[in-house]
Amino acid sequence: MCGIAVIVSGIRILLSSSLNINFISPLPFLEQQTLFSVDDIKAVLIRRGPDSLGCKKILLRSGVSSLCGGEQDVVAFVEDEDSGEGEACCMGGGGKEFTGELQFVGATLQLRGINPIVQPLTDVSGNILVYNGEIFGGIQMSSDSNDTEILMQHLGLCCSRVSSPHNKTHTSGERQSSVPELLSRIKGPWALIYWQCSSKTLWFGRDAFGRRSLLVHWPTKEDPQFLLSSVSTLASVNEKSEFADGGGITKIDFWEELPCGVYSLSIGASGTDEDLIGEVLKHDWTDPKLKELITWERTSIQPKHEDLLASRQKVYSTKEDSRLTPSVLMESNFYRLPTYIAASQGNECFTRVNNAAHCLKYNLPDEIDLLNVSFDGSCAPDRISARAGLKELQKIAPSRRWKLVEIDAELLKLTSETKHVMSLINPASTYMDLNIGIALWLAASGDGLLQDETGNNDTSDRVKYKSAARILLVGSGADEQCAGYGRHRTKYRNGSWLSLNDEMKLDMQRIWKRNLGRDDRCIADNGKEARFPFLDEDVIRILLDIPLWEIADLDQPIGIGDKKILREVAYLLGLSEAAALPKRAIQFGSRIARESNRKNFGSNRAANQASAGSVTIYGNNS
């Protein structure tokens, strides 16, 4: 997990009409006062990538370039901010002052590779990369390779096929891949910012499902910079927007989630004056298999009577289902694990235990940390199921050391922590977002009490413990793909199998905006990396290939028909008790929602009447 950012100044930004963004670029002024500094960006990114922090700066101006036959072009100069040294790239003539600037910031949590690396990475051609992601397929990797270094090598071989009225196309080879073609092939979560010097193009984007956060600020009169960052800064403020309880202040419309995809900002000279112009385009995914996953089309949706009958008469068997076996869930997401791995007990009740259970039969660490958060001590439903799950895991895998880390919290005492998490979930802004964010942030900290390994539930036997795990397994995507939400049952009852499928498709196509960016920011703030087994490309493909009535059967009771196929997997693993647990969201299972309702609305009843989960936290005193 890494933190990446770029600050673009002194360039007039034009947006393609296909982006559907209401936007008028203000006049660019390189020295104009902005709402925060690069130091503010560094302060939040270093929490995500505590192993190293680096900066690079590119200075730009218009000039006459020999590469373009003497035409007006852009001259770039790369400066290492840490050393103060620099070198020219994409050079042209003339001695004019630089008017544009790109500042890259990269903070690294290094999990792979033999030698330490410091982002941003640069190559001999003047290209610059900051990368936050994993490569599980699509590009050949050795077990001791570093993802960022390998990706940098492949990007350096890409040609540029971006053209606009303000920037000439530079193509270095017809047979070479373009940047969108290369990124479309990558399997795994990623967010990226890449400067391609030969074409004076800034490439940026995030994977097709949005598993890694990337926020964008389009230039405004208040702040004319174009900004990309893994997380919002504490200094992005607006005095008229503050917490309803009078707490910390955060501007709520400064940042937005960058929609999934690959984008380019092509920078060129205006042709009429010395101004620099940058045009933003969005590019299509080029890989046919990836396009199929994004459209999320299932072949078998509506069963015949005999299909349902056969499915319901099926008895659990010890023979593994050939379609969705634990090995499929393991193959990509746990590639090249470090010494410790933690299973975050969040998102939903069944998956919390099931994620850990996948470790039973495979070559994984001997010690597994299970992280559980409770706002009601030993009485919270999640705490009860966690302790029961621990015993079940110990029973079926006694040789592995399962360490249940119990993280107790009191919402009223988390004043500064709540303000901090509010900045992390930004631009999300509801009480539900905040409750989930706090629970995930606390879980990712791994700072709690270690449960007695004998299974004794006496709290006096617990000892202080802080998990050293750097990778957290999260169950995101299980509910969306396997009909785990209550609204799925409502859609099915009020409509049909087709209505259920449509709702699930909607959930998958908006999960990047509703869940994943927020969750990534809250987990990564602790210097941890979240991995999502259920959002692996191969797992999504397999689940789509299975008939919907085998995925879920919502005529059956809660705890049986919802997420039916995942319950079968748990049963095959020997987790018979976990297989029958009802789905419970982390905000309810940990009871933070109850405490939040009491604090902010007076009671659960008043909160329910106000639909507290969807109420925005911000008030406006203007």
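Everything quoted here is computed from the prediction, not taken from an experiment.

Quick look at the overall build of the chain
Within the chain one finds 20 helices and 24 strands. Taking as baseline every contact in the chain between residues at least 6 positions apart, the subset at least 24 positions apart corresponds to 74%. As displayed, the chain offers around 24,700 Å² of accessible surface, 49% of which is attributable to carbon and sulfur atoms.

Digging into the side chain of Gln 481
For Gln 481, the location among the structural elements is in helix 11 (residues 478-482). A residue is classified by how much of its surface remains accessible, and Gln 481, at 1% relative accessible area, is buried. One polar contact links the side chain of Gln 481 to the main-chain carbonyl oxygen of Phe 534, over a distance of 2.6 Å. Beyond its immediate chain neighbours, meaning those up to four positions away, Gln 481 contacts Trp 296, Arg 298, Met 504, Met 508, Phe 534, Leu 535, Ile 540, Leu 543 and Ile 551.

A look at the nonpolar core
Ranked by size, the top nonpolar core spans 104 residues in total, and within it Leu 151, Leu 192, Phe 375, Ile 438 and Leu 442 carry the most contacts. No other element matches the 10 residues that helix 10 (residues 431-445) contributes to this core. If near-sequence neighbours (up to four positions away) are discounted, Phe 375 is found in contact with Ala 409, Glu 410, Leu 411, Leu 414, Ile 438, Leu 442, Ser 590, Arg 591, Ile 592 and Glu 595. Counting 33 residues, the second largest nonpolar core, distinct from the first, contains Val 8, Leu 15, Val 74 and Leu 228.

What to know about the packing of aromatic side chains
In this structure the tally under the stated criterion is 7 aromatic pairs. Members of the aromatic cluster, connected to one another through ring pairs, are Phe 204, Trp 218, Phe 226 and Tyr 263. If you follow Arg 487 out to its NZ or CZ, it ends over the ring of Tyr 485, 4.4 Å from the centre.

Topic: the sheet that holds strand 7 (residues 121-122)
Here we have 7 strands laid out as an open sheet, ordered 2-16-15-10-9-8-7, and mixed in their pairing. Here the strands that pair on one side only, and so sit at the sheet edges, are strand 2 (12-15) and strand 7. Note that strand 15 (residues 261-269) and strand 16 (residues 276-283) share 8 bridges and pair antiparallel. Across the sheet, the residue bridging to Tyr 263 is Lys 282, located in strand 16. Against the sheet, helix 2 (residues 147-156) engages strand 7, strand 8 (128-133) and strand 9 (190-196), with an angle of about 135 degrees to strand 8.

As for the state of the cysteines
One pass over the full model with this rule turns up 0 disulfides. The cysteine Cys 158 is free of any disulfide, with Cys 159 supplying the nearest cysteine sulfur at 6.9 Å. With a relative accessible area of 7%, Cys 158 lands in the buried category. Taking relative accessible area as the criterion, Cys 159 reaches 0% and is therefore assigned buried.

Observations concerning the packing of helix 9 (residues 415-425) against helix 10
For the pair helix 9 and helix 10, interaxial distance at closest approach is 9 Å and the crossing angle is 110 degrees. One way to sum up the angle between helix 9 and helix 10 is to call them roughly perpendicular. Judged by residue contacts, Glu 417, Thr 418, His 420, Val 421, Met 422, Leu 424 and Ile 425 of helix 9 engage Asp 433, Leu 434, Gly 437, Ile 438 and Trp 441 from helix 10. Considered class by class, the residues forming the contact of helix 9 with helix 10 number 7 nonpolar, 3 polar and 2 charged.

Rules of the game
- Residues numbered from 1 in each chain as written.
- Predicted model: local features only at pLDDT ≥ 70, side-chain atom pairs only at ≥ 80, totals over all residues.
- Heavy atoms only, no water.
- Helix = DSSP H or I, 4+ residues; strand = E, 2+ residues; numbered from the N terminus.
- Contact = heavy atoms within 4.5 Å.
- Areas by Shrake-Rupley, 256 points an atom, 1.4 Å probe, with all protein chains shown as cover.
- Buried < 20%, exposed > 50% of the residue type's maximum accessible area, 1.4 Å probe, protein only.
- Polar contact = N/O pair within 3.5 Å; in protein donor to acceptor, adjacent residues only side chain to side chain.
- Core = buried A, V, L, I, M, F, W, Y, C linked by side-chain atoms within 4.5 Å.
- Phe/Tyr/Trp six-rings, centres within 6.5 Å; stacked < 30°, edge-to-face > 60°.
- Lys NZ or Arg CZ within 6 Å of the ring centre and 35° of its normal.
- Pairing = 2+ DSSP bridges.
- Axes fitted to C-alpha atoms, helices over the stretch in contact; angles between N-to-C directions.
- Disulfide = S-S within 2.5 Å.
- Parallel < 35°, antiparallel > 145°, perpendicular 65-115°, else oblique.
- Nonpolar A, V, L, I, M, F, W, Y, C, P; charged D, E, K, R; others polar.

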